[in-house]
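Structural features, examined
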Amino acid sequence: GLVLSLWQCYRSGYPNIILFAMSYPVKFTLNHEQNTEKFAKVLSQQVHSGVIYLIGDLGAGKTTFTRYFLQSLGHQGSVKSPTYTLVEVHVVSGLNFYHFDFYRFNHAEEYLDAGLDEYFSAGGICLVEWPEKAAPFLPAADIQIELRVPPGTAIDGRVAWISAASARGHTCLAGVKSSSTPPPA
């Protein structure tokens, strides 16, 4: 079934509840690292702002995906996991990218203590690794990407599931499905 995310909208002091249906995940088989690069490039052409959650175990390819995402937009420098710094800021073509990694959080309140909520209102693109470690304080995702290494898969083989949870995310996902390489599996 559909997973529903609940958003509250306040107009004239009266709360109205708006429900966005999280889309069924679209599966992409990434047999080689080059497929991850192509997948990141296709997605990067569709996203212009918003929040992207990157879900997956250690070594699933979250930072690799982020590196290719940024490089496809013209980033020339290195892209490292912000495991210890919590956030790495990259400016590419005048757009701010905030790459977060909350793996080391022991308590969700650490997100608030670090003052990271300010980045999410800055109008850029937020790529978030380990978002569950900052729940419930983290803003909801527009797009969620889950990366997994299936058992018995080649060392560089991955499966990616992408789903949308907002109007912006649905628009992005529609663009990815219509122009994706590799195609959905």
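Everything below is about the structure shown above.
**So, the sheet that holds strand β5 (residues 87-92)**
Reading across from one edge, β3-β9-β8-β4-β7-β6-β5 is the order of the seven strands in this open sheet, with mixed pairing throughout. Taken across any chain shown, the strands that pair with only one partner, and hence form the sheet edges, are β3 (26-30) and β5. Pairwise comparison of adjacent strand axes, ignoring direction, gives a mean angle of 20° for this sheet. As defined by bridge partners, strand β4 (residues 50-55) adjoins strand β8 (residues 143-148) across four bridges and the pair is classed as parallel. Bridging from a neighbouring strand, Ile55 pairs with Glu146 of β8. Packed on one face of the sheet, helix α4 (residues 167-179) meets β3, β4, β8 and β9 (158-164) and runs near 135° to β9.

**Describing helix α1 (residues 33-44)**
For α1, built from twelve residues, the straight-helix expectation of 16 Å at 1.5 Å per residue is met to within 8% by its first-to-last C-alpha distance of 16 Å. Buried residues in α1 make contact with β3, α2 (62-72), β8, β9 and α4.

**Some points on the packing of α1 against α2**
Running from N to C, α1 and α2 cross one another at 55°; their axes reach a closest spacing of 8 Å. When the interaxial angle is binned, α1 and α2 end up oblique. Judged by the sense of rotation from one axis to the other, the crossing of α1 with α2 is right-handed. Of α2, the residues touching α1 (which contributes Glu33, Thr36, Glu37, Phe39, Ala40, Lys41, Leu43 and Ser44) are Thr64, Phe65, Arg67, Tyr68, Phe69 and Ser72. Each residue belonging to the contact of α1 with α2 can be placed in one class, and the counts come to six nonpolar, four polar and four charged.

Here is what the cut-offs are and how they apply
- Residues numbered from 1 in each chain as written.
- Predicted model: local features only at pLDDT ≥ 70, side-chain atom pairs only at ≥ 80, totals over all residues.
- Heavy atoms only, no water.
- Pairing = 2+ DSSP bridges.
- Helix = DSSP H or I, 4+ residues; strand = E, 2+ residues; numbered from the N terminus.
- Axes fitted to C-alpha atoms, helices over the stretch in contact; angles between N-to-C directions.
- Contact = heavy atoms within 4.5 Å.
- Expected span 1.5 Å × (residues − 1).
- Parallel < 35°, antiparallel > 145°, perpendicular 65-115°, else oblique.
- Left-handed = near helix turned anticlockwise from the far one by under 90°.
- Nonpolar A, V, L, I, M, F, W, Y, C, P; charged D, E, K, R; others polar.

From the geometry alone we can't say anything about function, so treat these as descriptive.
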